[in-house]
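Below, each chain spelled out in residue letters.
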Amino acid sequence: MSDLKNMFKQKNYQINPLILKNLKSLSLSLEEFLLIVYFINEEPFLDLVKIKDVLGFSDEEILNVYSDLLSKGLIEVIVEKKDSRVSETISLELFYDKLVLNRSNSDDSNTDIFSKFEKEFARTLSPIEYERINSWISSGVSEDMIVSALNEAIINGSPNIRYIDRIIYEWSKNKSNADKEDYKELFDYDWLGDSNE
């Protein structure tokens with residue numbers, strides 16, 4: 001039992017975390033993702049026996065998923081002829097090209113924000129830091145507020161994501177309260193009783 005459990009714990013396959021982060025934009029099914037991971041880690045050939053052994057797919061499932069990846073333009077077959085022998089290999093270049101294209105088509109200002117953070121931190125961002133900055137952007141925090149919070153943290157000698165997150169939280173809370181006050185003042189005004197006679 002423990003031998004089987006240890007087999008499950010083995011870490012044989014690898015995938016770049018940047019690929020995982022950007023996969024969502026490609027709208028892959030689980031089966032398509034698994035076949036891509038297989039091609040990344042194994043020899044890039046359509047070997048039904050080996051794929052079936054590794055992924056547990058039936059021949060029909062493998063061919064269907066393979067066909068889907070071809071039709072989506074994520075893989076292509078490269079035919080090479082050497083010494084009167086023809087070989088077919090699967091190229092993932094289209095897959096990588098789409099990841100790069102989707103990444104570069106995302107908001108360019110985001111890239112500027114990330115590079116500003118990396119410049120101020122004097123290192124590359126960790127995946128957690130990257131996700132945190134992305135969450136600020138996706139929740140509608142303005143680039144100006146993010147950069148101002150970064151500058152505030154630097155001035156205070158605490159240039160770290162948790163501190164910056166706290167600054168953004170406080171500023172957002174204060175802005176929200178100020179907006180409520182403006183709203184209240186507008187509707188508390190006695191419009192009918194105001195006469196300019």
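Further up the page is the structure itself.
Cut-offs and rules
- Residues numbered from 1 in each chain as written.
- Predicted model: local features only at pLDDT ≥ 70, side-chain atom pairs only at ≥ 80, totals over all residues.
- Heavy atoms only, no water.
- Helix = DSSP H or I, 4+ residues; strand = E, 2+ residues; numbered from the N terminus.
- Buried < 20%, exposed > 50% of the residue type's maximum accessible area, 1.4 Å probe, protein only.
- Contact = heavy atoms within 4.5 Å.
- Areas by Shrake-Rupley, 256 points an atom, 1.4 Å probe, with all protein chains shown as cover.
- Expected span 1.5 Å × (residues − 1).
- Arc of directions from axis to C-beta.
- Phe/Tyr/Trp six-rings, centres within 6.5 Å; stacked < 30°, edge-to-face > 60°.
- Pairing = 2+ DSSP bridges.
- Polar contact = N/O pair within 3.5 Å; in protein donor to acceptor, adjacent residues only side chain to side chain.
- Core = buried A, V, L, I, M, F, W, Y, C linked by side-chain atoms within 4.5 Å.

Q: How should I be thinking about the overall build of the protein chain in this particular structure?
A: The helix and strand inventory of the protein chain stands at 10 helices and 2 strands. Ordered by position from N to C terminus, the α and β elements of the protein chain give α-α-α-α-α-β-β-α-α-α-α-α. Each of the 197 residues in the protein chain was classed as buried or not, and the buried ones make up 23%. At a minimum sequence separation of 6, the contacts of the protein chain that also span at least 24 residues come to 52%. Only carbon and sulfur atoms are counted for the fraction: they give 52% of the accessible area of the protein chain, which is about 14,100 Å².

Q: Teacher, can you tell me more about helix H5 (residues 59–71) here?
A: One turn of the α-helix equals 3.6 residues, which is why residues spaced by three or four share an orientation. Counted at 1.5 Å a residue, the expected span for H5 with its 13 residues is 18 Å, and the 18 Å between its end C-alpha atoms agrees. Inspection of H5 places Ile 62, Val 65, Tyr 66 and Leu 69 among the buried residues, and these make up the whole buried set. Down the axis, H5 shows its buried residues gathered within 100 degrees of arc, on one side only. The outward face of H5, more than 90 degrees from its buried face, is lined by the exposed residues Glu 60 and Ser 71. Elements in contact with the buried residues of H5: helix H3 (30–41), helix H4 (48–55), strand E1 (76–82) and strand E2 (85–91). In the stretch just after H5, Gly 73 is the one whose phi turns positive, near 70 degrees.

Q: Whenever I open this one, the packing of aromatic side chains confuses me. Can you help?
A: Aromatic ring pairs are defined here through the distance separating the ring centres and the angle between the ring planes. Tallied over the full model, the rule gives 5 aromatic pairs. Taking the centre distance of 5.7 Å and the plane angle of 85 degrees together, the rings of Phe 117 and Phe 121 count as edge-to-face. Taken as a pair, Phe 117 and Phe 121 lie in helix H7 (residues 108–121) at a separation of 4 residues, close to a single helical turn. The pair formed by Phe 117 and Phe 121 is uniform in burial state, with each residue classed as buried. Aromatic ring contacts, followed pair by pair, group Phe 117, Phe 121 and Trp 136 into a single cluster.

Q: Mind showing me how you'd approach the pairing of E1 here?
A: Within a regular strand, side chains alternate between the sheet's two faces. Here 7 bridges tie E1 to E2, and the two strands are oriented antiparallel to one another. Of the residues in E2, the one forming a bridge with Val 79 is Glu 88.

Q: When you look at the environment of Leu 18 in this model, what are you seeing that I'm missing?
A: Along the chain, Leu 18 falls in helix H2 (residues 17–22). Exposure remark for Leu 18: the relative accessible area of 44% places this residue in the partly exposed category. Considered as a pair, Leu 18 and Leu 99 are 81 residues apart in the sequence and their alpha carbons are 9.4 Å apart.

Q: Whenever I open this one, the side chain of Glu 32 confuses me. Can you help?
A: With respect to the helices and strands, Glu 32 occurs in helix H3. At 2.8 Å, the side chain of Glu 32 forms a polar contact with the backbone nitrogen of Ser 29. Each residue touching Glu 32, except ones within four places of it in the same chain, is listed here: Ser 27, Val 65, Asp 68, Leu 69 and Lys 72.

Q: What is the right way to look at the nonpolar core in this model?
A: A general tendency of soluble globular proteins is for nonpolar side chains to be buried together. Judged by nonpolar contacts, the single largest core of 21 residues is most densely connected at Leu 35, Phe 39, Leu 69, Ile 75 and Phe 95. For this core, the elements supplying multiple residues, two or more each, are H3, H5 and helix H6 (93–105). Sorting elements by how many residues they give to this core places H3 first, with 6 residues. Setting aside its immediate chain neighbours within four residues, Leu 69 contacts Leu 28, Glu 32, Leu 35, Ile 36, Leu 74 and Ile 75. Among the nonpolar cores identified, the runner-up in size contains 18 residues, and Phe 114, Phe 117, Leu 125 and Trp 136 belong to it.

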